[in-house]
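# Summary of structural features
Here is what each chain is made of, one letter per residue.
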Amino acid sequence: MQSNGADGNLLRGTLDFLLLASLEDGPLYGLRIIQDVQNRTGGHFKFKEGTLYPALHRLEKRGLIHAETRPSDAGGPPRKYYHLTDAGLTELKRQRDAQRAHASALRPYLEFA
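Residues numbered from 1 in each chain as written. Predicted model: local features only at pLDDT ≥ 70, side-chain atom pairs only at ≥ 80, totals over all residues. Heavy atoms only, no water.

The name given to the protein in an unreviewed UniProt entry is PadR family transcriptional regulator, with the source organism recorded as Deinococcus radiotolerans.

Right, dumping it as structure tokens:
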């Protein structure tokens, strides 16, 4: 995953949160998840399939998301759609609270310059 000017360690801790949040409004397939994250972050976060799919498989193994294969709406091969499980929604809420607390704690330092 890449970010404009961000440190790799910071990004690793953000990927799962972004993926879970991207699925909050409903199931998406891989390319749509990538596009959603790029659109919602104004292009700040960019990642490729080589980053996306291992992360999705990890989240699925943890029971936070579930995948189902559906026919393509464009007439191509079937696509794997991912959606949040109840455990995934609970984890998203936990991570969102943690992200807000983190941002709030940093705010005085961000405004100092």
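Moving on, there is more to tell.
## Observations regarding the packing of helix α2 (residues 30-40) against helix α3 (residues 49-61)
To be explicit about the condition: Axis lines are fitted to C-alpha atoms, over the contacting stretch for helices. Their N-to-C directions set the angle, which ranges from 0 to 180 degrees. Here a strand is any run of E in DSSP of at least two residues, a helix any run of H or I of at least four, and the numbering for each starts at the N terminus. Throughout, the term roughly parallel applies to angles under 35 degrees, roughly antiparallel to angles over 145, roughly perpendicular to angles from 65 to 115, and oblique to all others. Any two residues whose heavy atoms approach within 4.5 Å are treated as being in contact. In the scheme used here, Gly and all other residues not listed as nonpolar or charged are polar, with Ala, Val, Leu, Ile, Met, Phe, Trp, Tyr, Cys and Pro taken as nonpolar and Asp, Glu, Lys and Arg as charged.
At their nearest, the axes of α2 and α3 sit 11 Å apart, and the two run at 110 degrees to each other. As the angle between them shows, α2 and α3 are arranged roughly perpendicular. Of the residues in α3, those touching α2 at G30, L31, I33 and I34 are E49, L52, Y53 and L56. Classifying every residue of the contact of α2 with α3 gives six nonpolar, one polar and one charged.

## Re the pattern of salt bridges
Inclusion rule: Each salt bridge in this description consists of a side-chain nitrogen of Lys or Arg and a carboxyl oxygen of Asp or Glu lying within 4 Å of one another.
Scanning all chains against the criterion turns up six salt bridges. A salt bridge links D36 to R40; the shortest N-O distance between them is 3.2 Å. Linking D36 with R40, this pair stays in helix α2, spanning four residues, or about one helical turn. Each of D16, R58 and R62 takes part in one network of salt bridges that share partners.

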